[in-house]
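Close look at the chain arrangement
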Amino acid sequence: MSIDTRPAAPQRTASAPRRLRSVPRSRRRTGNPVAGLGSLIWLVIVLVPLYTLVSSSLMHQDEALNGDPLAIPTNPTFDNYTTVLDSGFLTLLGNTAVVAVATVAIVLLLSVPVAYVAVRTRSRLSSLAFRTFLLGVAIPAQAVIVPLYLLIGKMGLYDSLWAIILPTAAFAMPVAVLVLSGTMRDVSEEMYEAMSLDGASPVRMLWQLAVPLSKGGISTVAIFSALQAWNGFLFPLILTQSEENRVLTLGLFNFMTQFGVNIPAVLAAIVLSVVPIFAVYLVARRALVNGLMGVGGK
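Residues numbered from 1 in each chain as written. Predicted model: local features only at pLDDT ≥ 70, side-chain atom pairs only at ≥ 80, totals over all residues. Heavy atoms only, no water.

For the rest of this paragraph, the subject is the overall build of the chain. Within the chain one finds 13 helices and 0 strands. Moving toward the C terminus, one meets the helices and strands of the chain in the order α-α-α-α-α-α-α-α-α-α-α-α-α. Per-residue burial for the chain yields a buried fraction of 36% across its 298 residues. Sequence separation of at least 24 residues holds for 73% of the intrachain contacts in the chain that already meet a minimum separation of 6. For the chain, the exposed surface amounts to about 19400 Å²; the carbon and sulfur share of it is 65%. (Helix = DSSP H or I, 4+ residues; strand = E, 2+ residues; numbered from the N terminus. Buried < 20%, exposed > 50% of the residue type's maximum accessible area, 1.4 Å probe, protein only. Contact = heavy atoms within 4.5 Å. Areas by Shrake-Rupley, 256 points an atom, 1.4 Å probe, with all protein chains shown as cover.)

So, on to the environment of N75. You can see N75 is positioned in the loop between α2 (61–66) and α3 (79–85). Here the alpha-carbon distance between N75 and M59, two residues 16 residues apart in the chain, equals 7.0 Å. Apart from the residues lying within four places of it in its own chain, the contact partners of N75 are L58, H60 and E63.

Looking now at the pattern of salt bridges. Tallied over the entire structure, the rule returns 2 salt bridges. Residue R120 is joined to E189 by a salt bridge in which the shortest nitrogen-to-oxygen separation is 3.1 Å. Of the two residues, R120 is situated in helix α4 (residues 89–120) and E189 in helix α8 (residues 189–197); the sequence distance between them amounts to 69 residues. What makes R120 partly exposed here is its relative accessible area of 29%. Here E243 ties to R246 by a salt bridge, and the two come within 3.3 Å at their closest N and O atoms. (Salt bridge = Lys/Arg side-chain N within 4 Å of Asp/Glu carboxyl O.)

Going through the model one piece at a time under the given rule, you end up with 4 aromatic pairs. On the numbers, 5.7 Å between centres and 85° between planes, the contact of Y149 with Y158 is edge-to-face. Aromatic side chains F171 and F235 sit 5.7 Å apart centroid to centroid with 40° between the ring planes, which places their arrangement in the tilted category. One end of the pair, F171, is in helix α7 (residues 162–184); the other, F235, is in helix α11 (residues 234–239), with 64 residues separating them in the sequence. Look at F171 and you get partly exposed, because its relative accessible area is 27%. Owing to a relative accessible area of 9%, F235 belongs among the buried residues under this scheme. Seen from the ring of Y192, R120 lies directly overhead, with NZ or CZ sitting 4.0 Å from the centre. The residue whose ring lies beneath R185 is F130, and the NZ or CZ to ring-centre distance is 5.7 Å. (Phe/Tyr/Trp six-rings, centres within 6.5 Å; stacked < 30°, edge-to-face > 60°. Lys NZ or Arg CZ within 6 Å of the ring centre and 35° of its normal.)

This paragraph deals with the packing of α4 against helix α10 (residues 215–231). For the pair α4 and α10, the least separation of the axes is 8 Å and the interaxial angle reads 140°. With respect to α10, the element α4 is oriented oblique. The two elements α4 and α10 cross, and the hand of that crossing is right-handed. Contact residues: L93, T96, A97, V99, A100, T103, V104, V107, L108 and S111 in α4; I218, V221, A222, S225, A226, A229 and W230 in α10. (Axes fitted to C-alpha atoms, helices over the stretch in contact; angles between N-to-C directions. Parallel < 35°, antiparallel > 145°, perpendicular 65-115°, else oblique. Left-handed = near helix turned anticlockwise from the far one by under 90°.)

For helix α6 (residues 145–154), every residue scored as buried is listed here: I145, L148 and I152. Considered in projection along α6, the buried side chains sweep an arc of 60° and stay on one side of the axis. Residues V146, L150 and K154 are exposed on α6 and point more than 90 degrees away from its buried face. Considering only its buried residues, α6 is in contact with α7 and α11. Positive backbone phi, at 75°, marks G156, one or two positions downstream of α6. (Arc of directions from axis to C-beta.)

The next subject is the side chain of S56. Relative to the helices and strands, S56 is located in helix α1 (residues 33–57). S56 gets classed as buried once you look at its relative accessible area, which sits at 7%. With sequence-adjacent residues up to four places away left out, S56 is seen in contact with P69, P264 and L267.

Attention now moves to the confidence of the model for the chain. Averaged over the chain, the pLDDT score is 81; the fraction of residues at 70 or greater is 83%. By mean pLDDT, the top-scoring element of the chain is α6 (93), and the lowest-scoring one is helix α12 (residues 248–258) (76). (pLDDT = per-residue confidence, 0-100.)

Before going further, it helps to spend a moment on unusual backbone geometry. Even without being glycine, D159 reaches a positive phi, approximately 60°. On the secondary structure map, D159 appears in the loop between α6 and α7. Accessibility expressed as a relative area gives 22% for D159, which makes it partly exposed.

When you line up the elements, N80 lands in helix α3. Of the polar contacts made by the side chain of N80, one reaches the backbone oxygen of S57; its length is 2.8 Å. If near-sequence neighbours (up to four positions away) are discounted, N80 is found in contact with S57, L58, M59, N262, P264, A265 and A268. (Polar contact = N/O pair within 3.5 Å; in protein donor to acceptor, adjacent residues only side chain to side chain.)

Structure, rendered in structure tokens:
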């Protein structure tokens, strides 16, 4: 009879259940009531004027003059919007859209190469050009409106949309170059060196490397330039005269004279003029914030 000399298998014992360590209450995230209260107050400050604007535009003239501006319209009407649309508002909207699109195109076409040269070139000439652009941030439009008026007249552009587009783009360029140069500096130097070793030219590195990685800054510049063109009042007032070349801001100014004390009609025109640019802002607000924070290129 053979004897089994193999060691006996160890018996499995039930392991004790693992205890989940509870997170102390002191380490749990707690809300900031002061910040929440401040945000709520700021929300009320922003929403109350918007509510008053929209509700008053739906009122009749007597209700808007004698009633409570914060009250809900008792008999809402869209006649004020019809009156505005029948008074040439679409022409004003079209002119403003042309000015905004042309301004954004000019600013991007010029500021992107200028910012790239300022970042990639270490010569004195590029440094001087960059400082000259930054000097434009400190020059207000009111200080140069008279020589600008004479220059536009000499160029034969007075009373045209180009008389609004060119000065608006020129005054948007300094901020555009500043934002784009900060964004392009975030692009890694190793990427430029890698493309340079592959034989890429500076133009190719600009359009295939710097521009794709600077979309946040480019979006910021585009939105900023569009807002400048959409809300501009001084250049249309001084450099245009005819009705067919008027833009929204100047048209709203004339609506106040045209409608007299018809407050709901004026407010309806303001609502219609705010909707397009507000929609653009809602779509691109994240790119705008990221670009202004200097992280658009990351």
